[in-house]
Amino acid sequence: MISSKRWKIDELVVNWHLTEACNFGCQFCYAQWKKADKREVWRDEAKTLRLLSEISRFFAPANPRNPLSDYLEWSRVRLSIAGGEPTLLGDPLVRIAQQAKRLGLDVSLITNGSRLETVEKVLPYLALLGLSLDSAKPDTNATIGRLDRRGNQVCLTQIHELLSTARTQANGPKIKINTVVNSANHTEDFSPLLYALQPDRWKVLRMLPATNSALEIGSHEFDAFVRRHHVFKGIMSVEDNHVMEKSYLMIDPNGRFFQNGTGQKEYKYSNPILEEGLRNALSQIAFCPERFALRYRPVFPGEVA
């Protein structure tokens, strides 16, 4: 954690990947923890509450013992719940979101949108709802692997209805769409989808070859995709491979910090947070506060994002 500057950010985001299980088979998915055992933390309510409490306490903006405060200044902490596909957990997911909010954390959920009944249950506890959408075309989604074993894909009409429901709630969540740009979708025009769903934020990521090179594209194709969608600069946040590496605070299903990177055969892990303590566990993985802060800067130099 080396930086010559103290960066001011709105919120510090901690990503907890609750489970490796997923009902889709995206070819470029990096949520694969070969060292993980079968006992994911969420299955133990006591351990889950302990981990959430540690996250809330340690990352609180006023905690002077957090070494990140030497490099970053933030006013809120957001727990981003991801997977695998976290909605497969059903009611335990709702309980976790409720507990996190009760502990003072803002909560976000990243989902593929296939289990809308669970998403609707968790909506009251969310500050942000993130949907992973890589295409509006069935053939492209099939190539990517965004479908279940029966060939079912996400219904965009139902997604639109879900977002309408979310927006009618008092203090409803902000809406974010995550799109992984890859060789199957890099020529696609996302304008109709974005105009229809009206997200508050659109995160555009270049496929990261952390576990394999399936559907990999080069920087020229990625840059062309970003420039082609210049009209959405006000909501777009762009993450190329070099920006993603070492710029996320991520916890795996077994409660360990982990960090990935281009071409790595396996992830770098900390010892379990509940055994090691959060401060020591954090020191065992590479994290660059400057890269974290830069992910929230304007997309196009000289323009306001």
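Residues numbered from 1 in each chain as written. Predicted model: local features only at pLDDT ≥ 70, side-chain atom pairs only at ≥ 80, totals over all residues. Heavy atoms only, no water.

- You'll find the protein chain entered in an unreviewed UniProt entry as S-adenosylmethionine-dependent nucleotide dehydratase, with Ruegeria intermedia given as the organism.
- The annotation that UniProt attaches to the protein chain under Cofactor (unreviewed entry) is "[4Fe-4S] cluster". (UniProt positions renumbered as here; feature names shortened; annotations may be inferred.)

## A short note on the environment of Ala166
And then number 1: Within the element layout of this structure, Ala166 appears in helix H5 (residues 156-168).
And then number 2: Here Ala166 falls in the buried class, since its relative accessible area comes to 0%.
And then number 3: Between the C-alpha atoms of Ala166 and Asn212, which are 46 residues apart in sequence, the distance is 36 Å. (Helix = DSSP H or I, 4+ residues; strand = E, 2+ residues; numbered from the N terminus. Buried < 20%, exposed > 50% of the residue type's maximum accessible area, 1.4 Å probe, protein only.)

## Concerning helix H1 (residues 45-58)
And then number 1: For H1, built from 14 residues, the straight-helix expectation of 20 Å at 1.5 Å per residue is met to within 8% by its first-to-last C-alpha distance of 20 Å.
And then number 2: Taking the backbone nitrogen of Ala46 as reference, a side-chain oxygen 3.1 Å away marks Asp44 as the first, capping residue of H1. (Expected span 1.5 Å × (residues − 1). Polar contact = N/O pair within 3.5 Å; in protein donor to acceptor, adjacent residues only side chain to side chain.)

## A short note on the pattern of salt bridges
And then number 1: A complete count under the given rule lists 11 salt bridges for this structure.
And then number 2: One continuous salt-bridge network, built from bridges that share partners, spans Glu11, Arg76, Arg78 and Asp106. (Salt bridge = Lys/Arg side-chain N within 4 Å of Asp/Glu carboxyl O.)

## Remarks on the packing of aromatic side chains
And then number 1: For the structure on display, the rule yields seven aromatic pairs.
And then number 2: Arranged with centres 6.1 Å apart and planes meeting at 85 degrees, the rings of Trp202 and Phe232 form a pair that is edge-to-face. Here the residue Trp202 occupies a position in strand E8 (residues 201-206), and Phe232 occupies one in the loop between helix H7 (219-228) and strand E9 (236-239), the gap between them amounting to 30 residues.
And then number 3: For Phe232, a relative accessible area of 8% translates into the label buried.
And then number 4: By way of ring pairs, the aromatic residues Phe190, Tyr195, Trp202, Phe225 and Phe232 are connected into one cluster. (Phe/Tyr/Trp six-rings, centres within 6.5 Å; stacked < 30°, edge-to-face > 60°.)

## Structural notes on the side chain of Asn66
And then number 1: With respect to the secondary-structure elements, Asn66 resides in the loop between H1 and strand E3 (72-73).
And then number 2: From its side chain, Asn66 meets the backbone oxygen of Phe58 in a polar contact 3.1 Å long.
And then number 3: Not counting residues up to four positions away in its chain, the partners in contact with Asn66 are Phe58, Phe59, Trp74 and Arg279. (Contact = heavy atoms within 4.5 Å.)

## Some remarks on the pairing of strand E5 (residues 106-111)
And then number 1: The element E5 is largely enclosed, with a buried count of five among its six residues.
And then number 2: Pairing of strand E4 (residues 76-82) with E5, which is carried by four bridges, proceeds in the parallel orientation. Bridge pairing links Ile81 to Leu109 in E5.
And then number 3: For the segment spanning E4, helix H2 (residues 91-102) and E5, crossover handedness is right-handed.
And then number 4: Across four bridges, E5 lies against strand E6 (residues 128-132) in parallel orientation. Residue pairing for E6: Ile110 is matched across the bridge by Gly130.
And then number 5: What joins E5 to E6 is helix H3 (residues 116-122), and the crossover it makes is right-handed. (Pairing = 2+ DSSP bridges. Right-handed = clockwise from strand over helix to strand, strands pointing away.)

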